[in-house]
Amino acid sequence: MAYQFDFTFIPDYAGMLGQGVAYTLGLTVFGGVLGIAIGIGGAISRLWKIRPFDGLYQCYVELFRNTPFLVQLFLIFFGLPSLGIKLVEWQAAMLAMVLNLGAYSTEIIRAGLQATPKGQLEAAESLAFTRRETFFYVMLRPALLKVWPALSSQLVISMLGSSVCSQISAEELTFVANFIQSRNFRAFETYFLTTAIYFGLAVMIRQLLGAIGRYAIARRAAS
Amino acid sequence: MMTFSLWDILRNLLNGAALTAVLSITAFVLGSLAGLAILFARISKYRAPRAFAKLYIEAFQGTPLLLQLFMLFFGLSLFGLDVPAWLAACLGLMLFTSAFLAEIWRGCVESVPRGQWEASASLALTYGEQMRHVILPQAMRVAIAPTVGFAVQVVKGTAVTSIIGFAELTKTGSMIANATYQPFLVYVLVALGYFALCYPLSWYAQRLERKFHAPRTN
C-alpha cells in the first residue's frame, strides 16, 4: 500500500508553530542586533590595534568561526554550570547566537572599514572633520552600507543554524516540530512543513534586509 | 561503575574526531562531484536545467541543514528503506555541499570576462573546448580560496549529524560528558578538536585569498 500523506494536523498545531516562528525570529533579531554591536566594537579594536582588545577579539573570532555552533551551544549550556554560571535554555541560546554572530560580523565589518579609500579620509581631514565625524560619516556608515549584503546573508545563515538550539530544548521552530511529530507520528509531513516555513522565513528576511539596505543607500544618495 | 581517566576521554574523542574527518572528506569529495554537475546545469544554455539548478541551490541554501537531514532520514524510510545514520549523514552533507559549491563556482565562472568567451568562440572552439581550455582554468584560479574556505563550513556542518545519531566528535563528546559528569572539560576538548581541524583550513584559505587577490590600493 502506498503511503498516504496527511497534513490535517496543521490547524491543531498552528498556534504552537507560530510560537516557534516567533522564538526563532526573536533569536535572530536579538542575535543580529547585539552581534553587530559586538562586531563594530571588534572591528574598531582590530583595525586600530587597541590593546588588549585586539588580541582578545582575534582569539574570540578565530575560536568561534572555527568551531560548530552546536558545540558552542553545548559548552555554554552544559559546560558553564560547572564554572558556576547557570543559564536557562533561552538565555544559553541567545548568548550563543550573539557570540556567534558577533564573531562573524567582526570580520565582515572590519573588511568594510578597511576598504575606506584613503582619499576620502584625506578629504575629510581637509574639510576639518573631527576624528569622531570622520569615523562615523566617512568610515563606519559607508562601511556598513558596503557590507550590508554580507551581513544580511550571515544573518540568514545564523537563523537557519538556530534550528540546532532545539537540542538544548530552547523552544524554537525545530523544537516545536520535534514535539509535534512525537505526538502525531507524522515525522515526514511535520518536518516538510517546518522546512517550508524556514524557507519562507529565509526569503522574507533576505527581502526585508535588502529593502532596508536599498532604503539606506537611497537616503544617503539624496542627502 | 566504569571510571574514565583523561586518557580514556581523549582516546574516545580522537576516535570521534577521526570519524568527523572521514565524514567531512567524503561529503566534500562527493559534494564536489555533484556540485560540478549542478554548476554545469546552472550555467547551461538551456532553460530547464538552469531552472532546476537554481531551485536546487535555493532549496538547500534556504533551509537548515538539520531539517535537511531529518527529511532525508524520515523521507527515505517512507519508501521502506532503513537508512543507517552514517548513510543519511553522508548523503545529507553531500547534497548540502554540492548546492553551496555550485553557487560559489558559478560566481567564479561568471568572473571570467565575457571577452574570453567571445575570443574563444571566434577561434571556432566548441563549448566543451571553451570550458576545458579557456574558462575553467581561469575560473579555477579564483575558485580555490573560497572552496577551501567552504571546507571549514563542511567540517562544522558534520556536528549537526550527531543529532540524527551519527557518533562523530560531537556525539562522542555528549556521550562521554554524560558518563563522566565533566561536561565543561569534555566540550572544551571537543571544541579544540574542531578548531584543530578547521583552523588550518581557514588559515590556508586566507593565505590563498591574499595571494590571488592582491589588495586594491586606492
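Here, the structure is the one placed above.
The model shown is predicted, which means the values in this text are computed figures rather than measured ones. (Residues numbered from 1 in each chain as written. Chains lettered and ligands numbered in written order. Predicted model: local features only at pLDDT ≥ 70, side-chain atom pairs only at ≥ 80, totals over all residues. Heavy atoms only, no water.)

### Description of the overall build of chain A
- Counting its regular elements, chain A contains eight helices and zero strands.
- The helix and strand sequence of chain A, counted from the amino end, reads α-α-α-α-α-α-α-α.
- Here the C-alpha coordinates of chain A stretch approximately 80 × 50 × 25 Å along the principal axes.
- When the 223 residues of chain A are sorted by exposure, 46% land in the buried category. (Helix = DSSP H or I, 4+ residues; strand = E, 2+ residues; numbered from the N terminus. Buried < 20%, exposed > 50% of the residue type's maximum accessible area, 1.4 Å probe, protein only.)

### Details of the pattern of salt bridges
- On inspection of all chains with the given rule, the structure shows seven salt bridges over all chains.
- Ionic pairing is found between A:Asp6 and A:Arg186, a salt bridge with its closest N-O pair at 3.8 Å. Of the two residues, A:Asp6 sits in the segment before α1 (10-47) while A:Arg186 sits in the loop between α7 (173-184) and α8 (187-222), which places them 180 residues apart along the sequence.
- A:Asp6 gets classed as partly exposed once you look at its relative accessible area, which sits at 24%.
- Classification of A:Arg186 by relative accessible area gives partly exposed; the value is 23%.
- Across the salt bridge formed by B:Arg106 and B:Glu110, the nearest N and O atoms sit 3.3 Å from each other. (Salt bridge = Lys/Arg side-chain N within 4 Å of Asp/Glu carboxyl O.)

### Quick notes on helix α6 (residues 131-161) of chain A
- When the terminal C-alpha atoms of α6(A) are compared, their 39 Å separation across 31 residues is substantially less than the 45 Å that a helix rising 1.5 Å per residue should span.
- The largest bend in α6(A) is about 55 degrees, located at A:Trp148, with the proline A:Pro149 one to four residues further on. (Expected span 1.5 Å × (residues − 1). Bend = angle between axes of the 7 residues up to and from the residue.)

### Section: empty space enclosed by the protein
All names here are of chain A.
- Here the structure, examined in full by the defined rule, presents one cavity of 30 Å³ or more.
- One number sums up the size of the largest cavity: a volume of about 40 Å³.
- For the largest cavity, the full set of lining residues is Gly-31, Gly-32, Gly-35, Ile-36, Leu-101, Ser-105, Leu-151, Gln-154 and Leu-155.
- Of all the elements in the fold, those that place two or more residues in the lining of the largest cavity are α1, α4 (89-114) and α6.
- With four residues, α1 is the single largest residue contributor to the lining of the largest cavity.
- In the lining of the largest cavity, the residues fall into four nonpolar, five polar and no charged. (1 Å grid on protein atoms, 1.4 Å probe; cavity = no way out; pocket = protein on both sides within 12 Å on 5 of 7 lines; lining within 4 Å. Points joined across faces, edges and corners; volume = space filled by probe spheres on them. Nonpolar A, V, L, I, M, F, W, Y, C, P; charged D, E, K, R; others polar.)

### Observations concerning the packing of aromatic side chains
- Under the definition given, this model contains 23 aromatic pairs over all chains.
- Taken together, a centroid distance of 6.0 Å and an interplanar angle of 50 degrees make the contact between A:Phe5 and A:Phe188 tilted. Of this pair, A:Phe5 sits in the segment before α1 while A:Phe188 sits in helix α8, placing them 183 residues apart in sequence.
- The class for A:Phe188 is buried, based on a relative accessible area of 17%.
- Ring plane angle 55 degrees and centroid distance 5.4 Å describe the contact between A:Phe74 and A:Phe78, whose orientation is recorded as tilted. Of this pair, A:Phe74 and A:Phe78 both sit in helix α3 (residues 69-79), separated by four residues, roughly a single helical turn.
- Taken together, A:Phe5, A:Phe7, A:Phe9, A:Phe188 and A:Phe192 form an aromatic cluster joined through their ring pairs.
- The ring of B:Tyr127 has B:Lys45 sitting right over it, with the charged end atom 5.0 Å from the ring centre. (Phe/Tyr/Trp six-rings, centres within 6.5 Å; stacked < 30°, edge-to-face > 60°. Lys NZ or Arg CZ within 6 Å of the ring centre and 35° of its normal.)

### Observations concerning the interface of chain B and chain A
- Taken residue by residue, the interface counts 35 residues in chain B and 38 residues in chain A.
- Here chain B meets chain A over a buried area of about 3,100 Å², counting both sides, of which 76% is carbon and sulfur.
- One can count zero salt bridges joining chain B with chain A.
- Remark: the boundary between chain B and chain A carries three residue pairs in polar contact (both at pLDDT 80 or more).
- Elements supplying a minimum of two residues to the side of chain B that touches chain A: α2 (47-61), α3 (65-78), α6 (127-157), α7 (169-180) and α8 (183-212) of chain B. (Contact = heavy atoms within 4.5 Å. Buried area = accessible area lost by both parts, 1.4 Å probe. Polar contact = N/O pair within 3.5 Å; in protein donor to acceptor, adjacent residues only side chain to side chain.)

### What to know about unusual backbone geometry
Residue and element names in this part refer to chain A.
- Pro-52 follows Arg-51 through a cis peptide bond whose omega is -5 degrees.
- One non-glycine residue with positive phi stands out, namely Ala-128, at about 60 degrees.
- Positionally, Ala-128 belongs in the loop between α5 (118-126) and α6.
- The backbone of Phe-185 shows a phi angle near 60 degrees, a positive value even though the residue is not glycine.
- Within the element layout of this structure, Phe-185 appears in the loop between α7 and α8.
- Taking relative accessible area as the criterion, Phe-185 reaches 69% and is therefore assigned exposed.

### Observations concerning α1(A)
- Most pronounced at A:Met16, the bend in α1(A) amounts to some 35 degrees.
- Positioned one or two residues after α1(A), A:Lys49 has a phi angle of 50 degrees, which is positive.

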